[in-house]
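Coordinate analysis (summary)
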Amino acid sequence: MTTEFKSAYGFERRDVTLANWRTAPFSRWSFQNLREIVPTAEIRATAEQPETALESSPLLDAPLDTGVADTKTPRAFLDYTHTDAFVMMKGGRIIAEHYAPHCHVNARHIVFSISKSLTALVSGILEGQGAIDPDRPVTDYLPEAKGSVYGDCSFRDVLDMRVSLDFEEAYLDKMGAFARYRRATLWNPAEAGTPTETLLEFLLTLKKADRAHGGRFYYASPNSDLLGILIERASGRRYIDLFSDLLWKPLGAKNHALVSVDAAGSARSAGGVCVTARDLARIGQMLLDGGTVDGRQVVPAAWVEDMKTAGDPEAWKQSGPTFLPNGRYRSKWYQSGEADGAFCAIGIHGQWLYVDPSTETVIVKLSSQPNPLDDELKHDNFAFFRTMCRAAT
């Protein structure tokens, strides 16, 4: 007998496990239902206000050269790139929207490393309140980091991914340090004969590489999980409460968000946040508006300007980038370095928040892309966003 669940997703709910939830085809369901896979905590909006999707989006069905063969319209491109949800705003108004048959407007989708960029916004608000000084050492906030890689780096090094960390971001690793990391976050099943450790315990075992802190850009997710712990220590408040009270409620988010947590309740601030596409688009609009929402300052304007302009292009070039050749990275946001001033937050498996100030456009694309990285698709997506922004002018 074919169940309703299998008709919707192509597999049974019992087929989705902790061991396979990030793989296709199971990710089509699990990326929107994280709380059934791993422990989560709720990030509350002021009140839940379920939304209704646009009835039609003519822009998505108009002929367009997407740059990818056999995708003659934006909607065809979205289907080709495993899109679950797509929202496009211009001038603060939603002008196009798309949801795959297995997704919907109020689905809270995991955004993976976009979580880093959202956590950095909370950090920026605390910085504006004087609770954080990014030039201070990490050990001023987390004394037990002494002796680890974080024992002699600054808060700013953590924000800008310039920690000299001996760690490889190997997403398909099943046995090494990255697999240990995933087990500590409760994202992977426990392995017989391996020690059980919390996220913080794992982070404090990490060692320094053979170079100084503050040098080249070196992408490593543990830095951003540490950031979530640092803002808790600096403020004396839980991550979920900081996120809710400082960012989510002032933003006017319409749905509660979620974040996955480890066995000690530490938030997976590097990759475990789940939000709706529309609420994520509101983040982009807020940044486009200089950190304001309805005339109220949410994120300090000076912090937003610094994030958009102060990244070190030389640190980026020294990393040997295969993406954004003119780019920069600042406070966990990517700057394109192009004339349009576009900046973005990116997560594995095809998660994007793209902001183009030159056309006042915000694009959110949430996906269940089978390959977590897929450099070719990353380039295709970025080119598609630029084309869409021009098409909407």
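Please refer to the structure placed before this passage.
Our subject in this report is the structure included herewith. (Residues numbered from 1 in each chain as written. Predicted model: local features only at pLDDT ≥ 70, side-chain atom pairs only at ≥ 80, totals over all residues. Heavy atoms only, no water.)

1. Structural notes on the overall build of the chain
Along the chain, the regular secondary structure elements total 14 helices and 13 strands. Expected size for 393 residues packed as a compact globule is a radius of gyration near 21 Å; at 20 Å, the chain falls within 12% of this value. Taken along the three principal axes of its C-alpha coordinates, the chain extends 55 × 55 × 40 Å. A burial count over the chain gives 58% of its 393 residues as buried. When contacts within the chain are restricted to residue pairs at least 6 apart in sequence, long-range pairs at least 24 apart make up 66% of them. (Helix = DSSP H or I, 4+ residues; strand = E, 2+ residues; numbered from the N terminus. Rg over C-alpha atoms; globule rule 2.2 N^0.38 Å. Buried < 20%, exposed > 50% of the residue type's maximum accessible area, 1.4 Å probe, protein only. Contact = heavy atoms within 4.5 Å.)

2. Thoughts on the packing of helix 5 (residues 114-128) against helix 9 (residues 222-235)
One can describe the packing of helix 5 onto helix 9 by two numbers: an axis separation of 10 Å at closest approach and a directional angle of 25°. When the axes of helix 5 and helix 9 are compared, the pair comes out roughly parallel. The handedness of the crossing between helix 5 and helix 9 comes out as left-handed. Counted together, Lys-116, Thr-119, Ala-120, Val-122, Ser-123 and Leu-126 of helix 5 and Ser-224, Leu-227, Gly-228, Ile-231 and Ser-235 of helix 9 form the full contact between these two elements. Here the residues of the contact of helix 5 with helix 9 sort into 5 nonpolar, 5 polar and 1 charged. (Axes fitted to C-alpha atoms, helices over the stretch in contact; angles between N-to-C directions. Parallel < 35°, antiparallel > 145°, perpendicular 65-115°, else oblique. Left-handed = near helix turned anticlockwise from the far one by under 90°. Nonpolar A, V, L, I, M, F, W, Y, C, P; charged D, E, K, R; others polar.)

3. Points about the packing of helix 5 against helix 10 (residues 239-251)
Running from N to C, helix 5 and helix 10 point in directions that differ by 75°, and their axes come no closer than 10 Å. By the criterion of interaxial angle, the relationship of helix 5 to helix 10 is roughly perpendicular. Seen from helix 5, the contacting residues are Leu-118, Thr-119, Leu-121, Val-122, Ile-125 and Leu-126; seen from helix 10, they are Tyr-239, Leu-242, Phe-243, Leu-246 and Leu-247. Taken together, the residues of the contact of helix 5 with helix 10 break down into 10 nonpolar, 1 polar and no charged.

4. Looking at the state of the cysteines
Enumeration over the complete set of coordinates arrives at 0 disulfides. For Cys-344, which is in no disulfide, the shortest distance to another cysteine sulfur is to Cys-389 and amounts to 11 Å. (Disulfide = S-S within 2.5 Å.)

5. Remarks on the pairing of strand 11 (residues 343-347)
Among the 5 residues of strand 11, 5 are classified as buried, and the element is accordingly described as predominantly covered. A two-sided burial pattern is seen for strand 11, the buried positions comprising Phe-343, Ala-345 and Gly-347 on one face and Cys-344 and Ile-346 on the other. The sheet contact formed by strand 10 (residues 333-335) and strand 11 spans 2 bridges and is antiparallel. Within strand 11, the position partnered with Gln-335 by the bridge is Phe-343. With 5 bridges joining them, strand 11 and strand 12 (residues 351-356) adopt antiparallel strand pairing. Opposite Ile-346, over in strand 12, you have Trp-352 as the bridge partner. (Pairing = 2+ DSSP bridges.)

6. Re the side chain of Ser-113
For Ser-113, the position within the fold is in the loop between strand 4 (109-110) and helix 5. Within the structure, Ser-113 has its side chain in polar contact with the side chain of Lys-116 (distance 2.6 Å). Every residue in contact with Ser-113, bar those within four places of it in the chain, is listed here: Tyr-219, Ser-221, Ala-270, Gly-271, Ile-346, Gly-347 and Ile-348. (Polar contact = N/O pair within 3.5 Å; in protein donor to acceptor, adjacent residues only side chain to side chain.)

7. Description of the side chain of Gln-369
By secondary structure assignment, the location of Gln-369 is in the loop between strand 13 (361-367) and helix 14 (375-391). On the accessibility criterion, Gln-369 (3% relative accessible area) is buried. Here the side chain of Gln-369 touches Asn-371 through a polar contact of 2.8 Å, landing on its backbone oxygen. For Gln-369, the contacting residues outside a window of four places in its chain are His-82, His-349, Gly-350, Asp-374, Leu-377 and Asn-381.

8. Concerning the packing of aromatic side chains
One pass over the structure, following the stated rule, counts 32 aromatic pairs. Seen from their ring centres, Phe-217 and Tyr-219 are 6.4 Å apart, and the 55° between their planes marks the pair as tilted. The same class applies to Phe-217 as to Tyr-219, namely buried. Look at Phe-323 and Trp-352: their rings are 6.1 Å apart centre to centre, the planes differ by 75°, and that puts the pair in the edge-to-face class. (Phe/Tyr/Trp six-rings, centres within 6.5 Å; stacked < 30°, edge-to-face > 60°.)

9. Overview of the sheet that holds strand 3 (residues 93-99)
Within the open sheet, the 7 strands sit side by side as 3-2-13-12-11-10-9. Their pairing is antiparallel. Pairing within the sheet leaves two strands with one partner each, and these edge strands are strand 3 and strand 9 (328-330). Strand-to-strand twist across the sheet, computed as the mean angle between neighbouring axes with direction ignored, equals 15°. Looking at chain direction, strand 12 and strand 13 are connected through 5 bridges and run antiparallel. Bridge pairing in strand 13 links Tyr-354 to Ile-363.

10. Things to note about unusual backbone geometry
Looking along the chain, the bond that leaves Ala-24 and enters Pro-25 is cis, with omega of 0°. You can see Pro-25 is positioned in the loop between helix 1 (4-9) and helix 2 (27-30). One non-glycine residue, Ser-331, lies in the positive phi region at around 50°. Residue classification places Ser-331 among the buried residues on the basis of a relative accessible area of 0%. Its identity as a non-glycine residue notwithstanding, Glu-360 has a phi of 55°, on the positive side. You can call Glu-360 partly exposed: its relative accessible area is 47%.

None of the figures reported here should be taken as evidence of function without further support.
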